[in-house]
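Residue-level structural notes
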Amino acid sequence: TDDGYVYSIAKKKTSTTQGGSSSYYPSYDYDNDKYVPQPNDKKDISEFPFTDGASDFWGYDGIAYCWQNNIMNGMTGTTFEPETSLSRAMLVTMLYRLAGSPEVVTTENEWYSAARAWAMNNTISDGTNMNDEITREQLATMLSRYAAKQGVDTSISADLTVFTDAEGISDWAYTSVSWAVRSGLMNGMGDGTLSPSSGATRAQVAAIFMRAADIIK
């Protein structure tokens, strides 16, 4: 689809009610005739479709986790594009799906409109520059805001002066980056830097979301 995500039709299930059995499609938006992925509709890993994120790829575990839990899907039916930069729109969509895709009201008609409105309503993002590449410090900030909404203590901190480019972290992001490093969600780049203003790939963010599963319930 033009939103960069591939949607699939929900599998039909049978529900037993007092009046007998009835069939329904979980997480299906009948009004708009589309399937809305939900974290509870976990996919079968044996159906993993991506040829560029297979088990021999370093980021496979994170990609598989996000795909199974409907947090991320492919850019096409068979490609994940792990080295493609993640956009701000993609990140708010991932967080929105992680939250269960709650109902929101929006008059916009972009593929990310519901996620953007939800993120703005919950002060997770200001909703600007949705098509821009997400930076590592923006990623840490949105993650920490979401985690705080989930009751996670985001006041824990790390000594960021161990990174040679710590002075490059924006003031507004410093506390969030410190939390992300202390929590093990964000690591250095291997050369002594943290690269706060650099972008993050889809595979890198998938790995972070997998690690976050043990922290953000």
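Heads up: these notes are all about the structure in this document. (Residues numbered from 1 in each chain as written. Predicted model: local features only at pLDDT ≥ 70, side-chain atom pairs only at ≥ 80, totals over all residues. Heavy atoms only, no water.)

**Brief notes about the pattern of salt bridges**
Scanning all chains against the criterion turns up two salt bridges. Across the pair Arg 116 and Glu 108 runs a salt bridge whose closest N-O atoms are separated by 2.9 Å. (Salt bridge = Lys/Arg side-chain N within 4 Å of Asp/Glu carboxyl O.)

**Regarding the packing of helix H2 (residues 88–98) against helix H6 (residues 202–212)**
Close contact between H2 and H6 brings their axes to 12 Å; oriented N to C, the two are set at 25 degrees. The angle between H2 and H6 falls in the class roughly parallel. Both H2 and H6 take part in a crossing whose hand is right-handed. Every residue of H6 that contacts H2 at Met 90, Leu 91, Met 94, Leu 95 and Leu 98 is listed here: Arg 202, Val 205 and Phe 209. Looking at the contact of H2 with H6 residue by residue, the class counts come to seven nonpolar, no polar and one charged. (Axes fitted to C-alpha atoms, helices over the stretch in contact; angles between N-to-C directions. Helix = DSSP H or I, 4+ residues; strand = E, 2+ residues; numbered from the N terminus. Parallel < 35°, antiparallel > 145°, perpendicular 65-115°, else oblique. Left-handed = near helix turned anticlockwise from the far one by under 90°. Contact = heavy atoms within 4.5 Å. Nonpolar A, V, L, I, M, F, W, Y, C, P; charged D, E, K, R; others polar.)

**Quick word on helix H3 (residues 113–121)**
Those residues of H3 that fall on the buried side of the exposure criterion are Ser 113, Ala 115, Arg 116, Ala 117, Trp 118 and Ala 119. Taken together, the buried residues of H3 touch H2 and helix H4 (136–149). Thr 123 sits one or two positions beyond H3 and adopts a positive phi of about 50 degrees. (Buried < 20%, exposed > 50% of the residue type's maximum accessible area, 1.4 Å probe, protein only.)

**Examining the nonpolar core**
Across soluble globular proteins, nonpolar side chains have a tendency to be buried as a group. Leu 91, Leu 95, Leu 139 and Phe 209 are the most contacted members of the largest nonpolar core, which totals 53 residues. Those elements that place two or more of their residues in this core are helix H1 (60–68), H2, H3, H4, helix H5 (174–182) and H6. (Core = buried A, V, L, I, M, F, W, Y, C linked by side-chain atoms within 4.5 Å.)

**A closer look at the packing of H1 against H6**
It is the contact of H1 with H6, at a shortest axis distance of 7 Å, that shows an interaxial angle of 70 degrees. Classified by the angle between their axes, H1 and H6 sit roughly perpendicular to one another. Touching Asp 61, Gly 62, Ile 63, Tyr 65 and Cys 66 of H1 are Ala 203, Ala 206, Ala 207, Phe 209 and Met 210, all from H6. Of the residues that constitute the contact of H1 with H6, the class distribution is eight nonpolar, one polar and one charged.

**Regarding H5**
Burial in H5 covers these residues: Ser 176, Val 177, Ser 178, Trp 179, Ala 180 and Val 181. In the core, the buried residues of H5 are packed alongside H4. Positive phi shows up at Gly 184, right after H5, with a value of about 85 degrees.

**Digging into the environment of Ala 117**
Looking at the element boundaries, Ala 117 is found in helix H3. In this structure Ala 117 comes out as buried when scored by relative accessible area, which is 12%. In this structure the C-alpha to C-alpha distance between Ala 117 and Gly 127, which are ten residues apart in sequence, comes to 7.5 Å. Setting aside chain neighbours within four positions, we find Ala 117 in contact with Val 104, Val 105 and Thr 106.

**Looking at the packing of aromatic side chains**
Under the criterion given, the structure shown has nine aromatic pairs. With 5.5 Å between their ring centres and 40 degrees between their planes, Phe 57 and Trp 58 make a pair best called tilted. Take Phe 57: its relative accessible area is 19%, and that puts it in the buried class. Accessibility expressed as a relative area gives 54% for Trp 58, which makes it exposed. Each residue in the set Phe 48, Phe 50, Tyr 60, Trp 67 and Phe 80 is aromatic and connected to the rest through ring pairs, giving one cluster. The ring of Phe 80 is capped by Arg 202, whose NZ or CZ atom sits 4.3 Å from the centre of that ring. (Phe/Tyr/Trp six-rings, centres within 6.5 Å; stacked < 30°, edge-to-face > 60°. Lys NZ or Arg CZ within 6 Å of the ring centre and 35° of its normal.)

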